[in-house]
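Examining the three-dimensional arrangement
Listed below, chain by chain, are the residues.
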Amino acid sequence: MTALSDREALDLADAGLEVLPSVVAAAAARRDAAFGRRITFSPKVFLPITNLCRNRCDYCSFRRSPGDAGEWTMTPAEIEAWLARGREAGCVEALLCLGDSPERAFAGYRRFLATEGRHSTADYLWWAGRRALTHGLLPHTNAGILSAAEMRSLKEVNASLGLMLESVSARLCGPGMPHRRAPDKRPARRLQMTREAGELAIPFTSGLLIGIGETRRERIETLLAIRDLHRAYGHIQEVIVQPLQPHPATAMAGADAPNLEELVLAVALARLILPDEVSVQAPPNLVPASLSALLSAGLNDLGGVSPLTPDYINSRHPWPHLTELAATCAQLGFELAPRLPIYPAFLERPGFLHDNLRAPVQAAAEALTRAHPLWCAPPPLARIDDALAGAATEAAP
């Protein structure tokens, strides 16, 4: 099945919701053709390395400045402890998440890094990624804006990296808009990092945030921009369609969450616009009452779900219990299956997996099979070995 053209997609921005049933049916058929009836998730431990952030998005309840109530930066000992707990709980992914560019804004944080013998946040994340691998976990880092050099270094210890594009609308950065005090949310900066990740052959997660004042056309333009980058570099693993859930402690406390029809339409459009190999994801803790509708609209992945740690970004929305989530999927005619934070296709593409990660990915696949024998069907281990050997041969001088 072919994806919508740019013109066909943009035409839907002006169509009324009467087109929703046909769009949803087409998206579901496309998902079934590409992924079948298997819905995936990544069992993860969530490590919020620091909530210091130089941006001040109107909707964010995670970020803090030094001295604010609830400010934290994880120490090496805390990172080690939570990595060990994550492995004990059967996680395979270590999500390393933090605020944007904290060292550029806060002298105290720079002193913390120096005290720990780290010359930058990226250096601290490299150390944390290495420790995660030692604990048998595959890191996925979402650190906001990173330079190409920083991503090149982090590729050595990360199965994948991520950055929510959120929106390509520069309008949302203007006066009175939610990104006006967020220099790292300028679309050009986020598009540049996503492009550089492609140039570096890094398996990558992107996404859009809906309900922050964007128009339907701007959502479609965001999906088309992600598609263009993937067509150029083939590096986008998954695209998150994340609805705003207003938090009372933010400037957008009084905003309305996106209604179900708009959320369903956004998921369906993502499936119809993005290439078949790119997963469409929505967080199950943010859409618990809408999961049935989203599965019917072409959703095929639920992202990271933790049996151990909360969603620190959306702290008022706990993860669903995996047993209950599996039962819900089964009732709707789907099978819930865990996956690695690097998708199988990227194990077969030369250059996308660093040599350092060959053995850890092999071990993680074996651990996932042991922990979830009825759910998990990772790529055959011999196939992984063959793919990695082929990648090594092609990369050799």
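Calculation rules
- Residues numbered from 1 in each chain as written.
- Predicted model: local features only at pLDDT ≥ 70, side-chain atom pairs only at ≥ 80, totals over all residues.
- Heavy atoms only, no water.
- Phe/Tyr/Trp six-rings, centres within 6.5 Å; stacked < 30°, edge-to-face > 60°.
- Helix = DSSP H or I, 4+ residues; strand = E, 2+ residues; numbered from the N terminus.
- Buried < 20%, exposed > 50% of the residue type's maximum accessible area, 1.4 Å probe, protein only.
- Lys NZ or Arg CZ within 6 Å of the ring centre and 35° of its normal.
- pLDDT = per-residue confidence, 0-100.
- Contact = heavy atoms within 4.5 Å.
- 1 Å grid on protein atoms, 1.4 Å probe; cavity = no way out; pocket = protein on both sides within 12 Å on 5 of 7 lines; lining within 4 Å.
- Points joined across faces, edges and corners; volume = space filled by probe spheres on them.
- Nonpolar A, V, L, I, M, F, W, Y, C, P; charged D, E, K, R; others polar.
- Core = buried A, V, L, I, M, F, W, Y, C linked by side-chain atoms within 4.5 Å.
- Polar contact = N/O pair within 3.5 Å; in protein donor to acceptor, adjacent residues only side chain to side chain.

With that settled, the discussion passes to the packing of aromatic side chains. Enumeration over the complete set of coordinates arrives at seven aromatic pairs. Taking the centre distance of 5.2 Å and the plane angle of 80 degrees together, the rings of Phe 46 and Tyr 312 count as edge-to-face. In this pair, Phe 46 is assigned in strand S1 (residues 38-50) and Tyr 312 in the loop between strand S8 (301-305) and helix H12 (322-331), connecting sequence segments 266 residues apart. Summarising the aromatic geometry, the rings of Tyr 124 and Trp 127 are spaced 5.9 Å apart at their centres and angled 10 degrees between planes, so their arrangement reads as stacked. Highlighted residues: Tyr 124 and Trp 127, both in helix H6 (residues 121-134), separated by three residues, approximately one helical turn. Here Tyr 124 and Trp 127 have matching classes, each one buried. Every member of this aromatic cluster is reached through a ring pair, and the members are Phe 46, Phe 62, Trp 72 and Tyr 312. Directly above the ring of Trp 82 sits Arg 85, whose terminal nitrogen or CZ lies 4.4 Å from the centroid. Sitting over the ring of Phe 346, Arg 349 keeps its end group 4.5 Å from the ring centre.

Per-residue confidence for the protein chain gives a mean pLDDT of 91; residues scoring 70 or more make up 93%. Segment residues 374-397: pLDDT under 50, and 35 contacts once partners within four positions in sequence are set aside and those in other chains are kept.

Within the structure shown, the criterion is met by two cavities of 30 Å³ or more. Of the volumes computed, that of the second largest cavity is approximately 40 Å³. Contributing to the lining of the second largest cavity are Leu 208, Arg 216, Arg 219, Leu 223, Glu 262, Leu 265, Ala 266 and Leu 269. Listed by contribution, the elements that provide at least two residues to the lining of the second largest cavity are helix H9 (216-233) and helix H10 (260-273). Per-element accounting of the lining of the second largest cavity gives the leading share, four residues, to H10. Considered class by class, the residues forming the lining of the second largest cavity number five nonpolar, no polar and three charged.

Moving on, we come to the nonpolar core. Of all hydrophobic cores here, the largest spans 87 residues; its most connected members are Ile 49, Ile 79 and Leu 299. No other element matches H10, which puts ten residues into this core. Counting residues in hydrophobic clusters, the runner-up holds 18 residues, among them Ile 342, Tyr 343, Phe 346 and Leu 368.

Counting through the fold element by element, Ser 169 comes out in the loop between strand S4 (160-162) and helix H8 (187-199). Residue classification places Ser 169 among the buried residues on the basis of a relative accessible area of 6%. At 2.9 Å, the side chain of Ser 169 forms a polar contact with the side chain of Glu 218. Leaving out residues up to four positions away in the same chain, Ser 169 has contacts with Pro 187 and Glu 218.

Our next topic: the layout of surface pockets. By volume, the second largest pocket amounts to about 270 Å³. Taken together, the elements giving at least two residues each to the lining of the second largest pocket come down to helix H4 (102-105), H6 and H8. A per-element tally of the lining of the second largest pocket places H8 first, with four residues. Class assignment of the residues belonging to the lining of the second largest pocket gives a composition of seven nonpolar, four polar and five charged.

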